[in-house]
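Summary of the model geometry
Each chain is listed here by its residues.
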Amino acid sequence: MTDATHEGAKRHRSLLTVDAQTKKRNAAEARFKVYGMVAILAGLTFLVVLAVSIIRSGLPAFSANMVQVELTLSQEQYAEAEGQLFKTRAYADIFNAAFTAELRERGLTTEFDPESIERIIGQPGATIRSFYRANEDQLGQPVTFNLPTASRIDGYFKGRLLRENVTDSRFLTLADLDLADELKEAGIIQSQFNWTFITGKDSSVDNPGGAGLGASVIGSFAMMLVVLFLSLPIGVAASIYLEEFAPKNRITDLIEVNISNLAAVPSIVFGILGLAVFIQFAHLPQSAPLVGGLVLTLMTLPTIIISTRASLKSVPPSIRDAALGVGASKMQAVFHHVLPLAMPGILTGTIIGLAQALGETAPLLLIGMVGFVAREYPDGLVSAFMDPNSAMPAQIYTWAARSDDAFYEKAWGGIIILLVFLLAMNLLAILLRRRFERRW
Amino acid sequence: MYDAPTQASKLDQTDIKITANNVQVYYGDTHAIKDVSVDIVDRAVTAFIGPSGCGKSTFLRCLNRMNDTIDICRVEGQIKIDGEDIYDRRIDPVQLRAKVGMVFQKPNPFPKSIYDNVAYGPKIHGMTRNKAELDEVVETALRGAALWDEVKDRLHTPGTGLSGGQQQRLCIARAVATKPEVLLMDEPCSALDPIATAQVEDLIESLKEQFSVVIVTHSMQQAARISQKTAFFHLGNLVEYDDTNTIFTNPSDPRTESYITGRIG
Ligand SMILES: Nc1ncnc2c1ncn2[C@@H]1O[C@H](COP(=O)(O)OP(=O)(O)O)[C@@H](O)[C@H]1O
Ligand SMILES: [Mg+2]
């Protein structure tokens, strides 16, 4: 400031000396950069902590300690077991006897009683029975069974359960752990990739080893299809109408404000709306992915409308003028020129909306998907939409709420799978965007 | 103020393409065009000049009803093309715009190939029956816009990849392809360099053989170079409308004189 007034006097100001004003400005700039970096660093740290803890807690869910046992069941044994009142018990007894014999034959040093076997392997009776009922031709031939170990033993090998914390009880004794260690050394217990966790159905509370996310992935997929096929056309049509055709007046202003507000409504509100409208009023089945999809459609619509309108707005008006100028109708201008240019934005918005819907749990709580034990895969297309099922986040919530630590581990594992889906969807959004934008 | 009948009587009455009578345009409460009456001659270039914001574009856009797309815009008065009132209820603006083509200030080719840019109009108006005919229409339009030789080998490359001047000529080709009778141009050279401007001006010179060309320009030299008629607008009024020669050598209104001598605008 003062320099300007004394310009005449100081004609030969050197550029090599930094004046006070510049110094101050540079310092402020440097400070701001530091703030920025600190903020980013803090963000990154949280992200890393989150990722590390998720992976650490969730990875064990992807492996399982399995027992490989060869068993030969004769026709007579089968007939006898099927004739009994407690059939799975009978199969378990046959298995235990065979396994004990095999271990004795191998000359295991540790002393053990038949109950230890049961405590280590759990109750394989049902698995064995259902196998032979489906494959009667295998009777009399040696069959190798791959059976999950009991959740405590699995937890022991994964470090979830420490030897110090074990007191002898009817569930587990220290001697069992010795035996398990020896089985592991002998290669009878092996850690394997747990396909069941990815493809399987949910299991009962006392069998965490058999629990998988597969059925609820199907549930989520069915819901996403409903959301996609309803919210994309409705959302895009509504946006195009509002953005390109509707007159700008009070009513459209009101609609606009309401849509923005709708995007901020807590998802549980949509849940209770879904309960009231789709289940209690329309009598759609409870816990059905169709209902879940409808509720999530309501939730996703505002997101899609907002992003679609934003991308329509970002198409330069000169393109509309150009089309109208050669005598295109408004609709031709929109569908031939504006919409294709807005497409990458619309697709990105849709995928982000779907990703949001995929992870949404609260509304599912109210329509009965949380807590539903997805014990069966849907058996057909209609069933996939209409029969009760769980969904990924609902399943994760259900597992986390169970008392067994093994289920807690599965909840973390489920989070990893959910995140993988979300990342894949975001990646798809980015790829689509790139692809469409590169066209010209 | 400008007196329509006496001025019009100086023009060749047989060749009038567009007649505007007492046109008023309002944007909400803003009175943007005040009682403008003008007769535009066929097969000649008519230039609209005037300081920026005086309503040249607004009036130009009335001639193909592009103002319909602006919600708050209201047009009163009468505009006739070939004796038909274009604001008549029975007139479909879409049909009108095929007859009255428009070229905009900033080159705005569609983000499609050069071919598709030119072919778009003929396609949506169903002007051709097959590909061969369409090819011919595209070629004729591009030749008409003096662009054919430059692009004939890359018809299927993006129109947005051309230089600014080429893009503007592409836009002219696109407008010409629908075989309009009137061509409106809103400062078509304002985004172009002098060489491209010269090319477009040459083009306009040849276009007037077939069309009635109405061009808005902020360059008085340009108006003097290419137009036969010039209209001078000021604050929404049509101050003076006459042969270009007369306007530039012997204007009757003092405002026109101040403008062309550089004192207002
Ligand atoms: N879309 C619009 N909405 C409101 N006012 C407008 C709009 N377009 C132009 N105007 C107003 O109308 C007047 C004339 O503008 P315009 O025709 O663009 O002038 P010119 O083309 O001569 O520079 C200006 O005062 C301008 O502010
Ligand atoms: Mg203008």
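Owing to the predicted nature of the structure, the values given are computational and were not obtained by experimental measurement.

A word on the confidence of the model for chain A
In regions of low pLDDT, the predicted coordinates are not meant to be interpreted in detail. The pLDDT averaged across chain A works out to 88; a share of 97% of its residues lies at or above 70. Put simply, helix α1 (residues 2–5) of chain A is where chain A has its lowest mean pLDDT, 49, and helix α2 (residues 20–58) of chain A is where it has its highest, 95.

Topic: helix α18 (residues 392–401) of chain A
Residues and elements named next belong to chain A. Most of α18 is tucked away: 7 of the 10 residues are buried. Buried within α18 we find M392, P393, A394, Q395, I396, T398 and W399. Taken together, the buried residues of α18 touch α9 (195–199), α10 (214–245), α15 (330–359), α16 (362–366) and α19 (405–437).

Re the site of ligand 1
Residues and elements named next belong to chain B. Residues in contact with ligand 1, as listed here, are Y27, A32, S52, G53, C54, G55, K56, S57, T58, I70 and I72. A distance of 3.4 Å separates a nitrogen atom of ligand 1 from a polar atom in the side chain of Y27. The contact in question runs from an oxygen atom of ligand 1 to an N or O atom on the side chain of S57, over 2.5 Å. When the free accessible area of ligand 1 is taken as 550 Å², the share hidden by the protein chains comes to 62%. The leading source of residues in the shell around ligand 1 is helix α2 (residues 56–62), at 3 residues. Grouping the amino acids of the shell around ligand 1 by side-chain chemistry returns 5 nonpolar, 5 polar and 1 charged.

Brief notes about a nonpolar patch on the surface
On the surface, I40, L44, L47 and L50 of chain A cluster together into a nonpolar patch covering about 410 Å² of accessible area. One can find L50 of chain A in helix α2.

Regarding the interface of chain A and chain B
In this assembly, 18 residues from chain A lie in contact with 25 residues from chain B. Across the chain A/chain B interface, buried area totals approximately 1,800 Å², and carbon plus sulfur atoms make up 65% of it. Between the two partners, chain A and chain B, sit 0 salt bridges. Counting residues per element, the ones that place at least two in the side of chain A that touches chain B are α14 (317–325) and α15 of chain A. When residues of the side of chain A that touches chain B are assigned to their parent elements, the largest contribution, 7 residues, is made by α14 of chain A. Of the residues that constitute the side of chain A that touches chain B, the class distribution is 9 nonpolar, 7 polar and 2 charged.

Re the nonpolar core
Core analysis: the biggest nonpolar cluster contains 49 residues, and F48, F59 and F233 of chain B have the highest contact counts within it. The greatest single-element share of this core, amounting to 6 residues, is contributed by α15 of chain A. Residues in contact with F48 of chain B, not counting those within four places in the same chain, are I40, K56, F59, L60, V214, I215, V216, T217, A231 and F233 of chain B. Judged by nonpolar contacts, the second largest core, of 44 residues, contains V138, V151, L183 and V200 of chain B.

Re the packing of aromatic side chains
Residues and elements named next belong to chain A. Per the counting criterion, the structure on display carries 15 aromatic pairs over all chains. Taking 4.9 Å as the distance between ring centres and 70° as the angle between the ring planes, the aromatic pair formed by F193 and W195 counts as edge-to-face. Every member of this aromatic cluster is reached through a ring pair, and the members are F62, F193, W195, F197 and W399. Sitting over the face of the ring of F407, R402 holds its NZ or CZ atom 4.6 Å from the ring centroid.

Comments concerning the sheet that holds strand β3 (residues 189–193) of chain A
Residue and element names in this part refer to chain A. The 3 strands are arranged β2-β1-β3 in an open sheet whose pairing can be described as antiparallel. Because the sheet does not close on itself, it has two edges, and the strands there are β2 (142–148) and β3. Between one strand and the next, the sheet's axes are offset by a mean angle of 40°, whatever the strand orientation. Pairing geometry for strand β1 (residues 63–72) and β3, over 5 bridges, is antiparallel. Directly across from V67, in β3, lies its bridge partner I189.

Section: the sheet that holds strand β9 (residues 229–234) of chain B
What links the strands of a sheet is backbone hydrogen bonding, and the strands pair in either a parallel or an antiparallel sense. All names here are of chain B. Reading across from one edge, β6-β7-β8-β3-β9-β10 is the order of the 6 strands in this open sheet, with mixed pairing throughout. The sheet is open, and its two edges are formed by β6 (100–103) and β10 (237–243), each paired on a single side. Across this sheet, the average inter-strand angle for adjacent strands is 15°, counted without regard to direction. Relative to strand β8 (residues 212–216), strand β7 (residues 182–186) runs parallel, the two being bridged by 5 bridges. Counterpart to V182 in the pairing with β8 is S212. Of the strands in this sheet, β6 and β7 touch helix α7 (residues 164–177), which is tilted by about 170° from β6.

Considerations on the packing of α7 of chain B against helix α8 (residues 194–207) of chain B
Working note: a packed helix pair is described by the angle between its axes plus the distance between those axes. Residues and elements named next belong to chain B. Between α7 and α8, the least distance of the axes is 9 Å, while the angle of their chain directions is 20°. When the axes of α7 and α8 are compared, the pair comes out roughly parallel. In this structure, α7 crosses over α8, and the sense of that crossing is right-handed. Contacts from G165, R169, I172 and V176 of α7 reach α8 at A196, Q199, V200, L203 and L207. Of the residues contributing to the contact of α7 with α8, the split by class is 6 nonpolar, 2 polar and 1 charged.

A closer look at the domain arrangement of chain A
Residues and elements named next belong to chain A. With domains assigned, chain A is organised as domain 1 (2–59), domain 2 (63–202) and domain 3 (214–436). Placing a centre on the C-alpha atoms of domain 1 and another on those of domain 3 gives a separation of 41 Å. Between domain 1 and domain 3, the contact holds 6 residues from the first and 6 residues from the second. When domain 1 packs against domain 3, the two sides together hide about 440 Å² of surface, and 83% of this comes from carbon and sulfur. Considering only the side of domain 1, the residues that lose the most area to domain 3 are I54, S57 and G58, jointly responsible for 87% of the buried surface there. At the boundary of domain 1 and domain 3, one finds 0 salt bridges.

Focus on the pattern of salt bridges
Counted under the stated rule, the structure contains 33 salt bridges over all chains. In this structure, K158 of chain A engages D154 of chain A in a salt bridge whose closest nitrogen and oxygen atoms are separated by 2.9 Å. Highlighted residues: K158 of chain A and D154 of chain A, both in helix α7 (residues 151–158), separated by 4 residues, approximately one helical turn. The exposure class of D154 of chain A is buried, given its relative accessible area of 10%. A salt bridge links K17 of chain B to D82 of chain B, with the nearest nitrogen and oxygen atoms 3.0 Å apart. Taken together, the positions of K17 of chain B in strand β1 (residues 16–27) and D82 of chain B in the loop between β4 (73–81) and β5 (84–85) put the pair 65 residues apart, joining distant regions of the chain. Residue K17 of chain B is classed as buried on the basis of its relative accessible area, which comes to 7%. Judged by relative accessible area, D82 of chain B falls into the partly exposed class, the value being 39%. Among the ionic contacts, a cluster of salt bridges with common partners joins D154, K158, R160 and E409 of chain A.

Here we look at the environment of D387 of chain A
Residues and elements named next belong to chain A. Along the chain, D387 turns up in the loop between α17 (381–386) and α18. Judged by its relative accessible area of 35%, D387 is partly exposed. Along the primary structure D387 and I153 are separated by 234 residues, whereas in three dimensions their C-alpha atoms are 35 Å apart. Sequence-distant contacts of D387, that is, excluding residues within four places in its chain, are made with S287, A288, P289, D379 and V382.

The rules we used
- Residues numbered from 1 in each chain as written.
- Chains lettered and ligands numbered in written order.
- Predicted model: local features only at pLDDT ≥ 70, side-chain atom pairs only at ≥ 80, totals over all residues.
- Heavy atoms only, no water.
- pLDDT = per-residue confidence, 0-100.
- Helix = DSSP H or I, 4+ residues; strand = E, 2+ residues; numbered from the N terminus.
- Buried < 20%, exposed > 50% of the residue type's maximum accessible area, 1.4 Å probe, protein only.
- Contact = heavy atoms within 4.5 Å.
- Near = heavy atom within 4 Å.
- Polar contact = N/O pair within 3.5 Å; in protein donor to acceptor, adjacent residues only side chain to side chain.
- Areas by Shrake-Rupley, 256 points an atom, 1.4 Å probe, with all protein chains shown as cover.
- Nonpolar A, V, L, I, M, F, W, Y, C, P; charged D, E, K, R; others polar.
- Patch = residues over 30% accessible without salt bridge, like charges linked within 9 Å, V, L, I, M, F, W, Y side chains within 5 Å.
- Salt bridge = Lys/Arg side-chain N within 4 Å of Asp/Glu carboxyl O.
- Buried area = accessible area lost by both parts, 1.4 Å probe.
- Core = buried A, V, L, I, M, F, W, Y, C linked by side-chain atoms within 4.5 Å.
- Phe/Tyr/Trp six-rings, centres within 6.5 Å; stacked < 30°, edge-to-face > 60°.
- Lys NZ or Arg CZ within 6 Å of the ring centre and 35° of its normal.
- Pairing = 2+ DSSP bridges.
- Axes fitted to C-alpha atoms, helices over the stretch in contact; angles between N-to-C directions.
- Parallel < 35°, antiparallel > 145°, perpendicular 65-115°, else oblique.
- Left-handed = near helix turned anticlockwise from the far one by under 90°.
- Domains from an automatic or database assignment.

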